[in-house]
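Tertiary structure, described
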Amino acid sequence: MADIFSGLMQIPEVTVPDATALDALLKVAEKPFVVRGLVSDWPLVQAGRRSFREAREYLVRHCRDTGFVVSVGDPKSDGRLFYNSDMAMNFRMMKAKLPEIFAQIDAVEGRPDIPPVYLASIDVHQFFNGLHEENHVDLGDRQCMASIWMGTQTRIAAHNDFPDNLACVAVGRRRFTLFPREQFRNLYLGPVDNTPAGRAVSMVDFHAPDFERFPRFREALDHAQTAELEAGDALFIPAMWWHHVEGLEAFNVLVNYWWRDTPRWLGQPQDALNLAMMAIRDLPEDERQHWRDMFDYYVFTNGPEVVNHIPAEARSVLAPLTPESAARIRGFLLRQLSQ
């Protein structure tokens, strides 16, 4: 089995004395960095250091009496939540209350070949009472989505997310392997509409890379950075950076914060890409070239020649967007797509 991790660059580490320093660093950061011990004072971190069972008991005391979506994989998958040979998912999803899920983990902890169990992107505010208040990072005036990720040993294929991300290891250990945005061509991405969790993922098995099938992956590794995080450590992942994530202990918990600098009422770029694949990709070459020019004119360059000849009060969605004009575009698209 090839070990790709030992030879990779390490993600730089920084020292952050307080929330003000963290805020200043996040405002200018364009590359990932690790902060050791950023959340080491969290009660959840302290509980997990005493025992994984105590961490689970702490989480159960704060959870709401509701169903949690959980993914359960194949015991023979080595923790990899991915596709099977038919390109269906190699895990099944179900819903159960958190004490029931944790009771199953308690029953098999320490046994070999247990199925991977993974609770992904659980909204902290929606599913827990008081957990955020006792365990959170001061991120100033950022409007963050706080999510918690819990499970046994797992491997999550390299993917990216639209927002910036501060990932905090609360229990266990995690290894992150990151790639700059432009490395997507060398990661051999899978389908965009049939995905394990809504984002296209790398088809490369990082624990056993097939360089004959994926030769450009060697180029991606030349640009990769990795870090192994202990409980209490945090990692900043810039928007759209690709990241492969592994839970290394028998039980692992991550709390992450997503935020974007652009307003929430703006659309998702992935939606535009999906629609363009449906509407433009299979057109004749000369028509695709025309639409490439149109996208450059209206979207990527968007110079003064686009609107200078139109009275300011009549520019509508060609003017800088507002919540109202964005809503008009969204309504127009919904009407067109429903025809």
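Coordinates for the structure precede this section.
Residues numbered from 1 in each chain as written. Predicted model: local features only at pLDDT ≥ 70, side-chain atom pairs only at ≥ 80, totals over all residues. Heavy atoms only, no water.

Digging into the overall build of the protein chain
In plain terms, the rule: Helix numbering and strand numbering both begin at the N terminus, where a helix is a DSSP run of H or I of at least 4 residues and a strand a DSSP run of E of at least 2. Within these notes, the globule rule equals 2.2 Å times the number of residues to the 0.38 power, and the radius of gyration is based on C-alpha atoms. Buried residues are those whose accessible area, probed at 1.4 Å on protein chains only, stays under 20% of the maximum for their type, while exposed residues exceed 50% and partly exposed ones sit between those limits. Here, residues are in contact when the closest pair of their heavy atoms is within 4.5 Å. Using a 1.4 Å probe, accessible areas were evaluated by the Shrake-Rupley method; residue-level cover was limited to the displayed protein chains. Note that His is not counted, nor are the chain ends; the positive residues are Lys and Arg, and the negative ones are Asp and Glu. By convention, the point assigned to a charge is CZ for Arg, NZ for Lys, CD for Glu and CG for Asp.
Per the secondary structure count, the protein chain includes 10 helices and 14 strands. The C-alpha radius of gyration of the protein chain comes to 22 Å, within 12% of the 20 Å expected for a compact globule of 339 residues. Taken along its principal axes, the extent of the C-alpha atoms in the protein chain is 70 × 50 × 40 Å. Taken over 339 residues, the protein chain has a buried fraction of 43%. Counted over contacts in the protein chain with a minimum sequence separation of 6, partners at least 24 positions apart contribute 81%. Counting every atom, the protein chain has about 18,300 Å² of accessible surface; 53% of that belongs to carbon and sulfur. Averaged over its 35 positive side-chain charges, the protein chain has a centre that lies 3 Å from the centre of its 46 negative ones.

Thoughts on the pattern of salt bridges
Let me state the cut-off plainly: Should a side-chain nitrogen of Lys or Arg be within 4 Å of a carboxyl oxygen of Asp or Glu, the pair is scored as a salt bridge.
Scanning all chains against the criterion turns up 17 salt bridges. Between Arg-173 and Glu-249 there is a salt bridge, with the nearest N and O atoms lying 2.7 Å from each other. Highlighted residues: Arg-173 in strand E10 (residues 173–179) and Glu-249 in the loop between strand E13 (242–247) and strand E14 (252–259), separated in sequence by 76 residues. Residues joined by salt bridges that share partners form a network here, namely Arg-53, Arg-56, Asp-106 and Glu-109.

So, the nonpolar core
As a reminder of what qualifies: What we call a nonpolar core is a set of buried Ala, Val, Leu, Ile, Met, Phe, Trp, Tyr and Cys residues that are connected through their side-chain atoms within 4.5 Å.
If you look at the biggest cluster of nonpolar residues, it comprises 46 residues, and the most contacted ones within it are Leu-59, Phe-128, Ile-148 and Met-150. Beyond its immediate chain neighbours, meaning those up to four positions away, Ile-148 contacts Leu-59, Leu-119, Ala-120, Ser-121, Ile-122, Val-124, Phe-128, Leu-131, Val-253, Leu-254 and Val-255. Counting residues in each nonpolar core, the second largest holds 21 residues, with Phe-179, Leu-187, Tyr-188 and Phe-206 among its members.

With respect to unusual backbone geometry
The backbone of Asp-113 sits at a positive phi, close to 55°, despite the residue not being glycine. Following the sequence through the fold, Asp-113 ends up in the loop between helix H4 (98–108) and strand E6 (117–123). Residue Asp-113 is classed as exposed on the basis of its relative accessible area of 66%. The phi angle at Ser-316 is positive, at roughly 50°, despite the residue not being glycine. Of note, Ser-316 is situated in the loop between helix H9 (285–301) and helix H10 (323–337).

Considerations on the state of the cysteines
Worth spelling out the cut-off: Note on terminology: disulfide denotes any pair of cysteine sulfur atoms within 2.5 Å.
Within this structure, the stated rule accounts for zero disulfides. Free of any disulfide, Cys-168 has its nearest cysteine sulfur in Cys-144, 10 Å distant. Judged by its relative accessible area of 0%, Cys-168 falls in the buried class.

Observations concerning the environment of Phe-127
Along the chain, the position of Phe-127 falls in helix H5 (residues 124–127). Assessed through its relative accessible area of 16%, Phe-127 is described here as buried. Separated by 20 residues in the primary sequence, Phe-127 and Ser-147 place their C-alpha atoms 9.8 Å from one another.

A short note on the sheet that holds strand E11 (residues 225–230)
Under the convention used in this document: Strand pairing is assigned whenever DSSP detects at least two bridges linking the two strands.
One open sheet accounts for six strands, arranged E1-E11-E10-E13-E8-E4; its pairing is mixed. The open sheet has two edge strands, strand E1 (9–10) and strand E4 (80–81), and neither has a second partner. By the bridge criterion, six bridges tie E10 to E13 in an arrangement that is antiparallel. Pairing of Phe-179 across the sheet is with Trp-242, part of E13.

Overview of the side chain of His-62
In plain terms, the rule: Polar contact is defined as a pair of N or O atoms within 3.5 Å, subject to the rule that within protein one atom must be able to donate a hydrogen and the other to accept it, and that residues adjacent in sequence are counted only when both atoms are side-chain atoms.
Positionally, His-62 belongs in helix H3 (residues 52–62). Of the polar contacts made by the side chain of His-62, one reaches the backbone oxygen of Tyr-58; its length is 2.9 Å. When residues no more than four places from it in sequence are discounted, the contact partners of His-62 are Phe-127, Phe-128, Asn-129, Gly-130, Leu-131 and Glu-134.

Considering the side chain of His-244
You can see His-244 is positioned in strand E13. Residues in contact with His-244, not counting those within four places in the same chain, are Ile-156, Ala-157, Ala-158, Arg-175, Phe-176, Thr-177 and Phe-206.

Quick look at the packing of aromatic side chains
What counts is decided by this rule: Within 6.5 Å between ring centres, the rings of Phe, Tyr and Trp (the latter by its six-membered ring) count as paired, and their orientation is classed by plane angle as stacked under 30 degrees, edge-to-face over 60, tilted in between. Consider the ring centre and the ring normal. A charge sits over the ring if Lys NZ or Arg CZ is within 6 Å of that centre and within 35 degrees of that normal.
Counting across every chain of the model gives 15 aromatic pairs. Taking the centre distance of 5.6 Å and the plane angle of 90° together, the rings of Phe-102 and Phe-251 count as edge-to-face. With Phe-102 in helix H4 and Phe-251 in the loop between E13 and E14, this residue pair connects regions lying 149 residues apart in the sequence. There is no split in this pair, since Phe-102 and Phe-251 are both buried. Taken together through their ring pairs, the aromatic side chains of Phe-179, Phe-206, Phe-211 and Phe-217 make up a single cluster. Sitting over the ring of Phe-82, Arg-80 keeps its end group 3.6 Å from the ring centre. Its end group placed over the ring of Phe-211, Arg-218 keeps NZ or CZ at 3.8 Å from the ring centre.

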